[in-house]
Amino acid sequence: MMEPWLLSLVLVSLGSIFAVQSRSPNAADSSHLARLERKVDLILNKLEIDYNETLEDLVRSGDRIGAMKKLREETGVGLKEALDTVKAIERNINRS
């Protein structure tokens, strides 16, 4: 099971990335987003979690429940946190 503080850090980092991506981009945002993505990638690699591609693929295919299940299995988050994360991924995909 993942440490609660580490899980919180990952979720906050992901939320920050989605928040920055939702605003109109400028050079400072792009730089900030790149730093956040590198940090999250390092955390996920350290925890040996293949997060983005798998979850994003499930969300893109419309399998919200599968994405939530995968996220919960990999991270141990609760149902609400998994749903919130999957919804944030959906919003991000729809904005692209």
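Being a predicted model, the structure only gives us computed values, none of them experimental. (Residues numbered from 1 in each chain as written. Predicted model: local features only at pLDDT ≥ 70, side-chain atom pairs only at ≥ 80, totals over all residues. Heavy atoms only, no water.)

A few words on the overall build of the chain. Counting secondary structure elements, the chain contains five helices and zero strands. Order of helices (α) and strands (β) in the chain, N terminus to C terminus: α-α-α-α-α. Considering the chain as a whole, with its 96 residues, one finds that 33% of them fall into the buried category. (Helix = DSSP H or I, 4+ residues; strand = E, 2+ residues; numbered from the N terminus. Buried < 20%, exposed > 50% of the residue type's maximum accessible area, 1.4 Å probe, protein only.)

If you look at the biggest cluster of nonpolar residues, it comprises ten residues: L55, V59, A67, M68, L71, V77, A82, V86, I89 and I93. Elements with a minimum of two residues in this core: α3 (52–60), α4 (64–75) and α5 (79–95). The element that contributes the greatest number of residues to this core is α5, accounting for four residues. Not counting residues up to four positions away in its chain, the partners in contact with V59 are A67, V86, I89, E90 and I93. By size, the runner-up hydrophobic cluster in this structure holds five residues, among which are V10, I43, L44 and I49. (Core = buried A, V, L, I, M, F, W, Y, C linked by side-chain atoms within 4.5 Å. Contact = heavy atoms within 4.5 Å.)

The next subject is α5. Here α5 spans 24 Å end to end across 17 residues, near enough to the 24 Å set by a 1.5 Å rise per residue. Listing the buried residues of α5 in full gives A82, T85, V86, A88, I89, N92 and I93. Projected onto a plane normal to the axis of α5, the buried residues spread over an arc of 155° and lie on a single side. Along α5, exposed side chains directed more than 90 degrees from the buried face belong to L79, K80, N94 and R95. (Expected span 1.5 Å × (residues − 1). Arc of directions from axis to C-beta.)

Moving on: the packing of α4 against α5. The interhelical angle for the contact between α4 and α5, taken along N-to-C directions, is 125°, at an axis separation of 9 Å. With respect to α5, the axis of α4 lies oblique. In terms of crossing hand, the pair formed by α4 and α5 is right-handed. Along its contact with α4, which presents R64, A67, M68, L71 and R72, the element α5 presents L79, A82, L83, T85, V86, K87 and E90. Grouping the constituent residues of the contact of α4 with α5 by class yields seven nonpolar, one polar and four charged. (Axes fitted to C-alpha atoms, helices over the stretch in contact; angles between N-to-C directions. Parallel < 35°, antiparallel > 145°, perpendicular 65-115°, else oblique. Left-handed = near helix turned anticlockwise from the far one by under 90°. Nonpolar A, V, L, I, M, F, W, Y, C, P; charged D, E, K, R; others polar.)

This part takes up the pattern of salt bridges. Applying the stated rule across the entire model yields four salt bridges. For K80, the salt bridge is made with D84, and the minimal N-O distance between the two is 3.0 Å. Taken together, the residues span about one helical turn, with K80 and D84 both in helix α5 at a distance of four residues. Of the residues examined, K80 reaches a relative accessible area of 55% and is grouped as exposed. Look at D84 and you get partly exposed, because its relative accessible area is 35%. (Salt bridge = Lys/Arg side-chain N within 4 Å of Asp/Glu carboxyl O.)

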